[in-house]
Amino acid sequence: MRTVAAAALGVALIVGACSSPAGSSSGGSTPAPAPTTAATTAPTAEPTQTGLDPNIKADLTVWHYLTTDAHNTLIADETALFNQSFPNVTVKNEFVPFDQLTPKLLASAASKQGPDVAVFQWGDVQSLAAAGVLQDMNSYWGSFADASTFAPSVVHSVNGKVYTAQAYANLIGLWYNSDILAKDGITPPTTTAEFEAALAKVTAAGDGGLAIDGKPGVDGWWTGMPFFFGEGLDVHMADQAKVTSVYAQVKSWVDKGYIPKEAVTWDQDTVFNKFLTGKFAFAVGGNWYAQTATKATFKYGVVPLPAGSAGSKVYLGGEGEAIGAYTANPDLAWAYLQATWFSKAGQLLALKDVGNLPTRSDAASDPAISSSPVLSGFATAVQTGVALPITPAENQAQTLMGDLWSAVLSGQKTPEQAAAELAQKLPTILK
Amino acid sequence: MTPTSPRSAYSKVQRAARLALDRPGRRTASPLFAGPAVLYLLVFAVYPLVELVRMSLSAVGIANLLRDWPLTGLDNFTAAIADDDVRAAFLTTLAFVGTVLMLSVGIGLVAAFLIRSNSFWARLLTALMVFVWCLPPVVNGTLWKFLFSDGGAIGSILQAVGVKHPPFWLADPTLALWSVAFVTSWVTIPFVAIALKAGLLDIPREVIEAAQMDGASHLQVARHVSLPILRPVLLVTAVLVVIYAFRSFDFVYVMTLGGPGTATTTIPFLGYKLSLRLFQFGEGAALGVTSIVLIGFLAALYVRAARADVAAK
């Protein structure tokens, strides 16, 4: 049965091996960093605590879905960092498209195989742990001397056992074109009301309004949920009237031309590419575009997403790193994680190469963040971030919310219909 | 001497072949030759199919995918029938299949008449169509996604000829399905054209000439002579187009991801979403089994139509 499950998933992977959705829901596949004060010396590996022979000869396989040039640079740098401590270990970094990584992990586990290390969307940790795909690293984390530098919110447990931790946090904010704002006499908005007024002004002046991801599924959920959080709603979306009101407001922005109708076909990367054309005053995008933004021919900045009375809140995304359940050498896998993604040096590499925000307190205070107007804006928003949902039911709810976000923006459903459908289906899904 | 018609000559060849197969010692060899193919089918088709049916009758999620599957009978099927999303996807699929069928067979038939001759332009058109047909669906889908996009070639051409606000081909929920269906048809038309061309070439020249000598125009010959003779081939081709359109997934995935909203979510895409995005494997399998039954019915129609075509010859 397991073999057939593996075969079925394998066939499904072949069938589904089309172009993967650009980016990831937790924000990750676009070019890199370059904070203004990047470190000029190569990072030095910190000693690991595994007691392994540093001259051990072995192969270590790492599966990930990071695909941009910046991420490739990061992965190469992390590998080089690890090889400082373990020069005879060959790290094989294997790219798997974002939407195929979880199915591939499941398929390989069916035949008791899989990577030594997985870099994955950490929101799937509960599902993957339940499926027996990941190995709990409770004992390793318990004896990890630097564990206290990680905020509890980035260390994820299932049934009391640590399965993954985030090496960095990714989140979205409101990018703005300073030149357009200056031309139209606007300051970066902080509230929804200010935002709507700003959109009205820029579009009246003939400039583009807001570029935003309106695709169905996880894309729409990731981008749309902060609009509801800002009005005091949570994942249960219990106040139907408020939900309707948020939908109606965003739909009105489409009707008034503040948001292009075609945004329902845009993913995160497309949104930011549209922003880089210089035609849009605003774009909803993540910190991982910090390096991409350096290609802009205009001045830009970032502020937290404008919100209503409840204040700005966005999901804290970013990949989680974990040990595969069927690794032949869990100690070596842990040594790899400890030397790279979970180390200060490794997290500073992610900051330098991509613009990912470190989760270690000693790395998060690096001057590269505070001296960067872009990254410091995002770092501020981390303080009010919302943890990703992790249960399978919440995964189902994500898809529903994302589909309805896209349906409302496109006009397939009215705000009232979408709110009613949420009210009808969500309680059953999340019970 | 009465001239032998192509059809009666074909029947003689068939009878001769059957006699050759019935020679003593001939039959014992064939099961051995079929063995590897049968084994392949058993391992890679029959066994997974049996397990798919078992999954559809069980409660299977990500937590127990690699463990035991408790049988739940027809719960997944009844849940699917009661699910608004499944019903909506079924209606979407019907509309999609109908559009692809009409466009593919209609335009394919016209194209078949155009490429029937051996002229340079006919051969060039055939080569272009084969090229389109051979392109991977991802390439075709991505190409058309760019063409349909805001600022894409189609919108730019329409604006150049005076259309101030070109349609949102993939962003408008009422247009998106037809746009994806059009692209699917665009890929299917070459297949239909080539299949129907073969049928047209099989029509005896004397029949056409006789009609022309009686004063029939090209259009009348096509309508009253060619099409009736072509009917069995048309039916076979139409069934194949319906099967292809029904299970079409790649263009929806590449171009719209089932959106905007759920406007282009067809049954195959919904099955993918349930199984590989939501990890509701039991429900996804139930949808898959339902699709297989429907396609099996269409395949039976195809076989029946194909046999009728051969018998007519």
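Residues numbered from 1 in each chain as written. Chains lettered and ligands numbered in written order. Predicted model: local features only at pLDDT ≥ 70, side-chain atom pairs only at ≥ 80, totals over all residues. Heavy atoms only, no water.

(A) A look at the overall build of chain B. Within chain B one finds 13 helices and 0 strands. Reading the helices (α) and strands (β) of chain B from amino to carboxyl end gives α-α-α-α-α-α-α-α-α-α-α-α-α. Every one of the 313 residues in chain B was classed for burial, and the buried ones make up 40%. Within chain B, counting contacts between residues at least 6 apart in sequence, those at least 24 apart form 66% of the total. For chain B, the exposed surface amounts to about 17100 Å²; the carbon and sulfur share of it is 71%. (Helix = DSSP H or I, 4+ residues; strand = E, 2+ residues; numbered from the N terminus. Buried < 20%, exposed > 50% of the residue type's maximum accessible area, 1.4 Å probe, protein only. Contact = heavy atoms within 4.5 Å. Areas by Shrake-Rupley, 256 points an atom, 1.4 Å probe, with all protein chains shown as cover.)

(B) Just the overall build of chain A, in detail. A count of helical and extended segments in chain A gives 17 helices and 15 strands. Within chain A, buried positions represent 60% of all 431 residues. In chain A, once contacts between residues fewer than 6 apart in sequence are set aside, the share between residues at least 24 apart is 80%.

(C) Inspection of a nonpolar patch on the surface at higher detail. Taken together, the side chains of Val-38, Leu-39, Tyr-40, Leu-41, Leu-42, Val-43, Phe-44, Val-46, Tyr-47 and Val-50 of chain B make up a nonpolar region of the molecular surface, amounting to roughly 980 Å² of accessible area. Looking at the element boundaries, Val-38 of chain B is found in helix α2 (residues 30–56). (Patch = residues over 30% accessible without salt bridge, like charges linked within 9 Å, V, L, I, M, F, W, Y side chains within 5 Å. Salt bridge = Lys/Arg side-chain N within 4 Å of Asp/Glu carboxyl O.)

(D) Representation of helix α4 (residues 84–114) of chain B. With 31 residues, α4 of chain B extends 45 Å from end C-alpha to end C-alpha; this agrees with the ideal 45 Å at 1.5 Å per step. If you check the start of α4 of chain B, you find a side-chain oxygen 2.8 Å away from the backbone N of Asp-85 of chain B, and it comes from Asp-83 of chain B. (Expected span 1.5 Å × (residues − 1). Polar contact = N/O pair within 3.5 Å; in protein donor to acceptor, adjacent residues only side chain to side chain.)

(E) Region of the structure containing the interface of chain A and chain B. With 42 residues of chain A at the interface, the matching set in chain B holds 41 residues. Buried surface at the junction of chain A and chain B, both sides included, amounts to about 3500 Å², of which 64% is carbon and sulfur. Across the pair Asp-403 of chain A and Lys-273 of chain B runs a salt bridge, and its minimum N-O distance is 2.5 Å. For the pair chain A and chain B, the number of links is 10 residue pairs in polar contact (both at pLDDT 80 or more). (Buried area = accessible area lost by both parts, 1.4 Å probe.)

(F) Representation of the packing of helix α7 (residues 192–204) of chain A against helix α9 (residues 240–255) of chain A in the model. Residue and element names in this part refer to chain A. Relative to each other, α7 and α9 sit at 10°, their axes nearing to 11 Å. With respect to each other, α7 and α9 are oriented roughly parallel. Residues Thr-192, Phe-195, Glu-196 and Leu-199 of α7 lie in contact with α9, whose contacting residues are Gln-249, Ser-252 and Trp-253. Considering only residue class, the contact of α7 with α9 consists of 3 nonpolar, 3 polar and 1 charged. (Axes fitted to C-alpha atoms, helices over the stretch in contact; angles between N-to-C directions. Parallel < 35°, antiparallel > 145°, perpendicular 65-115°, else oblique. Nonpolar A, V, L, I, M, F, W, Y, C, P; charged D, E, K, R; others polar.)

(G) Structural context of helix α3 (residues 75–82) of chain B. Residue and element names in this part refer to chain B. Buried within α3 are the following residues: Asn-76, Phe-77 and Ala-80. For α3, the arc enclosing every buried residue in end-on projection is 100°, short of the 170-degree limit, so these residues lie on one face. Those residues of α3 that are exposed and angled more than 90 degrees off the buried face are Ile-81 and Ala-82. (Arc of directions from axis to C-beta.)

(H) View of the environment of Phe-120 of chain A. Residues and elements named next belong to chain A. Structurally, Phe-120 can be placed in strand β3 (residues 117–121). Sequence spacing of Phe-120 and Thr-164 is 44 residues, and the spatial spacing of their C-alpha atoms is 9.6 Å. In contact with Phe-120, not counting residues within four places along its chain, are Tyr-65, Leu-101, Val-125, Leu-128, Leu-134, Thr-164, Glu-319, Gly-320, Glu-321 and Ala-322.

(I) Summary view of the nonpolar core. Formed by 193 residues in total, the largest nonpolar core has its most connected members in Trp-141, Leu-210, Phe-282, Trp-341 and Phe-342 of chain A. The greatest single-element share of this core, amounting to 12 residues, is contributed by helix α10 (residues 218–246) of chain B. In this view, Trp-341 of chain A contacts Leu-66, Leu-74, Glu-78, Val-119, Ala-167, Tyr-168, Glu-321, Tyr-336 and Gln-347 of chain A; residues no more than four positions away in its chain are not counted. (Core = buried A, V, L, I, M, F, W, Y, C linked by side-chain atoms within 4.5 Å.)

(J) The arrangement of the pattern of salt bridges in detail. All names here are of chain A. Applying the stated rule across the entire model yields 17 salt bridges over all chains. The salt bridge involving Lys-183 is made with Asp-184; its shortest N-O contact spans 3.0 Å. Note that Lys-425 is salt-bridged to Glu-421, the shortest N-O span being 3.0 Å. Of this pair, Lys-425 and Glu-421 both sit in helix α17 (residues 415–430), 4 residues apart, which is roughly one turn of that helix. Here Lys-425 matches Glu-421 in class, with each residue buried.

(K) Representation of empty space enclosed by the protein. On inspection of all chains with the given rule, the structure shows 9 cavities of 30 Å³ or more. Forming the walls of the second largest cavity are Pro-216, Gly-217, Val-218, Thr-399 and Asp-403 of chain A together with Leu-257, Phe-269, Lys-273 and Arg-277 of chain B. Taken together, the elements giving at least two residues each to the lining of the second largest cavity come down to α16 (392–410) of chain A together with α12 (267–277) of chain B. The leading source of residues in the lining of the second largest cavity is α12 of chain B, at 3 residues. Partitioning the lining of the second largest cavity into residue classes produces 4 nonpolar, 2 polar and 3 charged. (1 Å grid on protein atoms, 1.4 Å probe; cavity = no way out; pocket = protein on both sides within 12 Å on 5 of 7 lines; lining within 4 Å. Points joined across faces, edges and corners; volume = space filled by probe spheres on them.)

(L) Summary view of the layout of surface pockets. One number sums up the size of the second largest pocket: a volume of about 1000 Å³. Contributing to the lining of the second largest pocket are 36 residues, with Lys-425 of chain A together with Asp-83, Asp-84, Asp-85 and Val-86 of chain B lying nearest its centre. Broken down by secondary-structure element, the contributors of at least two residues to the lining of the second largest pocket are α16 and α17 of chain A together with α3, α4 and α12 of chain B. Residue contributions to the lining of the second largest pocket peak at 7 residues, all from α16 of chain A. Among the residues making up the lining of the second largest pocket, the classes are represented as 16 nonpolar, 10 polar and 10 charged.

(M) Region of interest: the packing of aromatic side chains. This structure, assessed with the given rule, holds 43 aromatic pairs over all chains. A ring pair is formed by Tyr-168 of chain A and Trp-341 of chain A, whose centres lie 6.3 Å apart and whose planes are at 50°; its orientation type is tilted. With Tyr-168 of chain A in strand β7 (residues 168–169) and Trp-341 of chain A in the loop between α11 (330–339) and α12 (344–353), this residue pair connects regions lying 173 residues apart in the sequence. The same class applies to Tyr-168 of chain A as to Trp-341 of chain A, namely buried. Ring geometry for Trp-144 of chain B and Trp-186 of chain B: centres 5.1 Å apart, planes at 80°, overall edge-to-face. A residue pair is termed long-range when its members are at least 10 positions apart, and Trp-144 of chain B in helix α6 (residues 137–148) and Trp-186 of chain B in helix α8 (residues 176–201) qualify at 42 residues. (Phe/Tyr/Trp six-rings, centres within 6.5 Å; stacked < 30°, edge-to-face > 60°.)

(N) The arrangement of the sheet that holds strand β11 (residues 300–303) of chain A in detail. Residue and element names in this part refer to chain A. With mixed pairing, 4 strands are arranged side by side in an open sheet as β9-β10-β8-β11. Both outer strands of the open sheet, β9 (208–211) and β11, are each paired with one neighbouring strand and no more. Taken pair by pair, the neighbouring strands of this sheet meet at an average axis angle of 20°, ignoring direction. The pairing of strand β8 (residues 172–177) with β11 spans 4 bridges and is antiparallel. Across the sheet, residue Leu-174 finds its bridge partner in β11, namely Val-303. (Pairing = 2+ DSSP bridges.)

(O) The pairing of strand β1 (residues 58–64) of chain A, seen in detail. Residues and elements named next belong to chain A. Of all 7 residues in β1, 5 are buried, a share of seventy percent or more. Where β1 meets strand β2 (residues 89–95), 7 bridges bridge the pair, whose relative direction is parallel. The partner of Trp-63 across the bridge, within β2, is Glu-94. Following the backbone out of β1, through helix α2 (residues 69–85) and into the adjacent parallel β2, one traces a crossover that is right-handed. Sheet topology note: the β1/β3 ladder contains 2 bridges and is parallel. Residue pairing across strands places Val-62 opposite Val-117, the latter belonging to β3. (Right-handed = clockwise from strand over helix to strand, strands pointing away.)

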